[in-house]
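# Residue-level structure breakdown
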Amino acid sequence: MLDRLNAQLKDVSVSDWKLLISLLILANTVALVSLCWLVLTRTAAAPGPPALEARVLAQIPPTRTPLPTFTSTPTPSATPSPTYTLVPTWTPTPTGTPTITPTPTDTPTSTPAPTVVQRPAATPTPAPTPTPSVDFAVSVRQLTPCENEGKHHLFIYVKNIDGQGMPGLRVRVSWPSGEATMLTGQKNHIDPGFVDFAMFKGSYTAQVLDYASEIAGPITPDIPRDELCAETGNGVANSLFHYSYEIIFQKVR
């Protein structure tokens with residue numbers, strides 16, 4: 001911006017500079033002469049009527065109209081309660097003793113046997129169903145050798161109250177040295193509430209997050225026993241470190 005200003009100033013000719021300076025000197029001279037004339041005129045003027053501001057300040061402010069005074073009306077005194085006169089207690093007049101007439105004796109008659117009415121037995125009131133303390137109850141089942149066929153997994157199903165799979169729920173599997181969080185419905189499985197997890201050595205627990213859930217486990221594949229699947233002839237369908245479990249989280253409230 002300064003470079004542009006310098007370039008524009010270079011374009012002004014010497015004659016234009018002289019004309020501009022002459023106009024500035026003339027304007028300052030006229031202003032100075034006018035100021036001197038005003039000072040001399042005000043000092044030499046004869047005493048006359050006071051200035052406008054003096055006349056305004058000298059005016060007497062108008063008298064305020066006093067506000068009306070309100071006289072409070074006295075509250076009428078309360079009407080005294082009437083005085084009640086006690087009525088004397090009524091005293092009964094004694095009467096003569098009445099003569100007692102003997103009551104005739106009735107001839108006894110045979111009394112009929114009372115009729116016994118059998119009341120129906122009371123129906124016991126069923127005890128109220130207790131409210132579950134969790135949102136999801138859990139059940140765990142170890143797979144048979146033919147169901148497992150050498151796998152070592154947790155097959156987890158999360159179901160609603162009607163037994164339908166619930167996708168998009170977080171399930172956490174924990175073991176002594178870590179944990180993993182998974183979402184149901186991410187596997188290509190017929191049940192939308194399904195998720196699985198591969199186990200190795202050690203013990204594992206599982207639970208549904210974001211709800212009050214029972215905990216499945218601890219579960220372990222460390223079972224030193226070989227189990228045969230007779231249908232396939234697999235002698236180690238269930239064996240050490242190769243056991244699997246089905247875990248079902250059922251919504252109960």
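This section reports on the structure supplied with the text. These numbers were taken from a predicted model, which means no experiment stands behind them.

The rules behind the values
- Residues numbered from 1 in each chain as written.
- Predicted model: local features only at pLDDT ≥ 70, side-chain atom pairs only at ≥ 80, totals over all residues.
- Heavy atoms only, no water.
- Helix = DSSP H or I, 4+ residues; strand = E, 2+ residues; numbered from the N terminus.
- Areas by Shrake-Rupley, 256 points an atom, 1.4 Å probe, with all protein chains shown as cover.
- Buried < 20%, exposed > 50% of the residue type's maximum accessible area, 1.4 Å probe, protein only.
- Pairing = 2+ DSSP bridges.
- Axes fitted to C-alpha atoms, helices over the stretch in contact; angles between N-to-C directions.
- Patch = residues over 30% accessible without salt bridge, like charges linked within 9 Å, V, L, I, M, F, W, Y side chains within 5 Å.
- Salt bridge = Lys/Arg side-chain N within 4 Å of Asp/Glu carboxyl O.
- Contact = heavy atoms within 4.5 Å.

### Concerning the overall build of the chain
What the chain contains, in helices and strands, is four helices and 10 strands. Going from the N terminus to the C terminus, the chain shows its helices and strands as α-α-α-β-α-β-β-β-β-β-β-β-β-β. Of the roughly 20,800 Å² that the chain leaves accessible, carbon and sulfur atoms contribute 62%.

### Some thoughts on unusual backbone geometry
Peptide bonds are trans in most cases, and residues, glycine excluded, mostly fall at negative phi. The omega torsion across Gly-217 and Pro-218 is 5 degrees, close enough to zero to call that bond cis. The phi torsion at Phe-241 lies on the positive side, around 70 degrees, for a residue other than glycine. Here Phe-241 is to be found in the loop between strand 9 (234–238) and strand 10 (245–251). Relative accessible area serves as the criterion here: at 28%, Phe-241 is assigned to the partly exposed category.

### A look at the sheet that holds strand 2 (residues 153–159)
Pairing is mixed in the open sheet, where four strands are placed in the order 1-10-2-5. The sheet terminates laterally at strand 1 (136–142) and strand 5 (194–198), the two strands that pair on one side only. Neighbour-to-neighbour, the strand axes of the sheet open up by a mean angle of 20 degrees, direction not taken into account. One ladder, built from seven bridges, connects strand 1 with strand 10; its direction is antiparallel. In the strand pairing of strand 10, Phe-136 is matched with Lys-251.

### As for a nonpolar patch on the surface
Taken together, Leu-9, Val-12, Trp-17, Leu-20, Ile-21, Leu-24 and Ile-25 make up a surface patch of nonpolar side chains, about 630 Å² in accessible area. Among the elements that take part in the nonpolar patch, helix 2 (residues 14–44) stands out by supplying five residues, more than any other. The topology assignment puts Trp-17 in helix 2. Assessed through its relative accessible area of 38%, Trp-17 is described here as partly exposed.

### Brief notes about the sheet that holds strand 7 (residues 216–219)
Read from one edge to the other, the open sheet built from four strands follows the order 4-3-6-7, with strand pairing classed as antiparallel. Since the sheet does not close on itself, it has two edges, and those belong to strand 4 (178–183) and strand 7, each with one partner. Mean inter-strand twist for the sheet, computed between neighbouring axes without regard to direction, equals 15 degrees. Summarising the sheet, strand 3 (residues 170–175) and strand 6 (residues 204–208) pair through four bridges and their orientation is antiparallel. Looking at the pairing, Ser-174 lines up with Thr-205 of strand 6.

### What to know about the environment of Ser-139
Along the chain, the position of Ser-139 falls in strand 1. With relative accessibility at 38%, the residue Ser-139 sits in the partly exposed group. Distance from Ser-139 to Phe-249, taken between C-alpha atoms, is 6.8 Å for residues 110 residues apart in sequence. Contact partners of Ser-139, with chain neighbours within four places excluded, come to Glu-246, Ile-247 and Ile-248.

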